[in-house]
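Given next are the chains, with one letter for each unit.
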Amino acid sequence: YAFMILVLLLGLIVHRLMPSTGAVVAFTLFRGNWFFIFDVSGLVGGLGILWSINIEEQFYLVWPLIVRCSAPRSLIWVSIGTIITAYAVLFVLGARGIFSEVVSRFNPLVEMQFFAAGALLSAWLPRDGIRLMGSVRLLLGSLGLFCWAAGTRFFGNIVPGSVSARWSPAALYGCVLAGCIALFLSFFGVPGRFISQPIRWLGKISYGLYVYHVLVLTLTPRWPSTWEHRASLTGLRLCLQLSIAVLLAGLSYHWLELPFLRWKERITFVPNRRA
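Attention in this report is confined to the structure presented alongside it.

Procedures and definitions
- Residues numbered from 1 in each chain as written.
- Predicted model: local features only at pLDDT ≥ 70, side-chain atom pairs only at ≥ 80, totals over all residues.
- Heavy atoms only, no water.
- Helix = DSSP H or I, 4+ residues; strand = E, 2+ residues; numbered from the N terminus.
- Buried < 20%, exposed > 50% of the residue type's maximum accessible area, 1.4 Å probe, protein only.
- Contact = heavy atoms within 4.5 Å.
- Areas by Shrake-Rupley, 256 points an atom, 1.4 Å probe, with all protein chains shown as cover.
- Lys, Arg positive; Asp, Glu negative; His and termini not counted.
- Charge placed at Lys NZ, Arg CZ, Asp CG, Glu CD.
- Core = buried A, V, L, I, M, F, W, Y, C linked by side-chain atoms within 4.5 Å.

Of regular secondary structure, the chain possesses 12 helices and zero strands. When the helices and strands of the chain are listed from N to C terminus, the series reads α-α-α-α-α-α-α-α-α-α-α-α. Structurally, the chain occupies a C-alpha span of about 55 × 50 × 40 Å along its principal axes. When burial is assessed residue by residue, the chain has 33% of its 275 residues classed as buried. A separation of at least 24 residues holds for 69% of the contacts in the chain among residues at least 6 apart in sequence. Of the accessible surface of the chain, which amounts to about 17700 Å², a share of 70% is contributed by carbon and sulfur atoms. If the 22 positive side-chain charges of the chain are averaged to one point and the 9 negative ones to another, these points end up 6 Å apart.

Ranked by internal contacts, the top residues of the largest apolar core, which has 27 residues, are Phe3, Phe27, Phe36, Val44, Leu47 and Leu50. When residues of this core are traced back to their parent elements, those giving at least two are α1 (2-11), α2 (21-28), α3 (32-38), α4 (51-69), α7 (108-124) and α11 (206-219). Broken down by element, this core gets its largest block of residues, five residues, from α4. Those residues in contact with Val44, other than ones at most four positions away along the chain, are Pro19, Ala23, Phe27, Phe35 and Phe36. In terms of nonpolar packing, the next biggest core, distinct from the first, is built from 13 residues, Ala86, Leu90, Leu93 and Leu120 among them.

Next up on the list: unusual backbone geometry. Not every positive phi belongs to a glycine, and Phe30 is a case in point at roughly 60 degrees. Turning to its location among the elements, Phe30 is positioned in the loop between α2 and α3.

What follows is the structure, encoded as structure tokens:
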């Protein structure tokens, strides 16, 4: 909500950032992803980056009720059923020739597979991490990146009417999911001494990095067209944008997120492990 207020204030100056009234209502009620699907002509302005946050909030609204009403074994079956549902939707979209990422990426029935996979991992893995040899972790990390690259390379560009079009959306998401799991396992349980403090700090402010980065990219003045093809100037521009995003995320974490995290500890029944 603080980010929404920031976007609205900036929209008074930079008009392309100002969202429509429908978009403001949708994102306020955590249904911004549905706004993308059903109100394609609607103007989201600078709020577009919050679509994934809205899906996350939908998960937070539904999952506690499922946990409260289900036994631990039932949660496993609910998670498996969620993943099956996601791929059933992807197969239906492929069979109907619907290949728009708007319909798939912003669809919570599709995106919930990642939450369900996380729930299965949390049920099967030890809380303190897994012990693996460094070579195995490196192999898992490489496998995860390979799955992402292979999915994009072989299933990212879907040709309507082709034989593979029916199952390409499911294959693409399957590669993404497998890559996420492999990358997670490659880092899960890594001893703290191998992770430097700056990297940990970037992890703590990662929420702000995600939320603010598009805003920084949008507001950065364009350089003269004669500079665009100079690699050194392009690299300098990217470093400048990254530095501004890190600065904004750090300030947001210290002055906005951290007070809420401290307040949350006072009402938490199951304490989280500290980062």
